[in-house]
Amino acid sequence: MKVMENRVHNRTRNFSEEKILNECREYFSSETEKTAEIGERFIRYFLKNASSEGVLFKTIKEITTDITISHQTLTKVLKTLESKQIIYRRNGIIGLWKD
């Protein structure tokens with residue numbers, strides 16, 4: 001029984017996906033339509049591939065290949081999300097700031 005409880009807990013997110021999506025939509029509303037669309041694509045990708053603690057262990061190159069966007073555009077999106085303290089980047093990982 002304990003093993004099953006751990007499995008369920010490991011799949012449970014420690015963050016609100018809907019809240020993060022709504023905040024990002026708000027932040028990107030002042031950007032161009034293309035940047036806003038790419039920002040949302042990145043956040044959806046992040047939420048799908050991040051650990052339950054909100055950490056993504058992917059390189060920028062892997063991310064740009066997976067969601068087919070340019071390195072420059074992804075960098076702009078990441079900088080915007082960092083400045084709004086949605087994400088942080090440290091030593092090759094991207095993580096969510098805690099609520």
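Heads up: the structure comes first, above all this text.
The structure presented is a predicted model; accordingly, all values stated were derived computationally and were not measured. (Residues numbered from 1 in each chain as written. Predicted model: local features only at pLDDT ≥ 70, side-chain atom pairs only at ≥ 80, totals over all residues. Heavy atoms only, no water.)

(A) Representation of unusual backbone geometry within the structure. With a phi close to 45°, T68 is a non-glycine residue in the positive phi region. Along the chain, T68 turns up in the loop between α4 (60-66) and α5 (71-83). Classification of T68 by relative accessible area gives exposed; the value is 67%. A positive phi is found at Q85, a non-glycine position, where the angle reads about 55°. Within the element layout of this structure, Q85 appears in the loop between α5 and β2 (87-90). (Helix = DSSP H or I, 4+ residues; strand = E, 2+ residues; numbered from the N terminus. Buried < 20%, exposed > 50% of the residue type's maximum accessible area, 1.4 Å probe, protein only.)

(B) A look at the sheet that holds strand β3 (residues 93-96). Ordered in space as β1-β3-β2, the 3 strands form an open sheet in which the pairing is antiparallel. Unpaired on one side and paired on the other, β1 (55-56) and β2 mark the two borders of the sheet. Sheet strands in contact with α5 are β2 and β3, and its direction is about 115° off that of β2. (Pairing = 2+ DSSP bridges. Contact = heavy atoms within 4.5 Å. Axes fitted to C-alpha atoms, helices over the stretch in contact; angles between N-to-C directions.)

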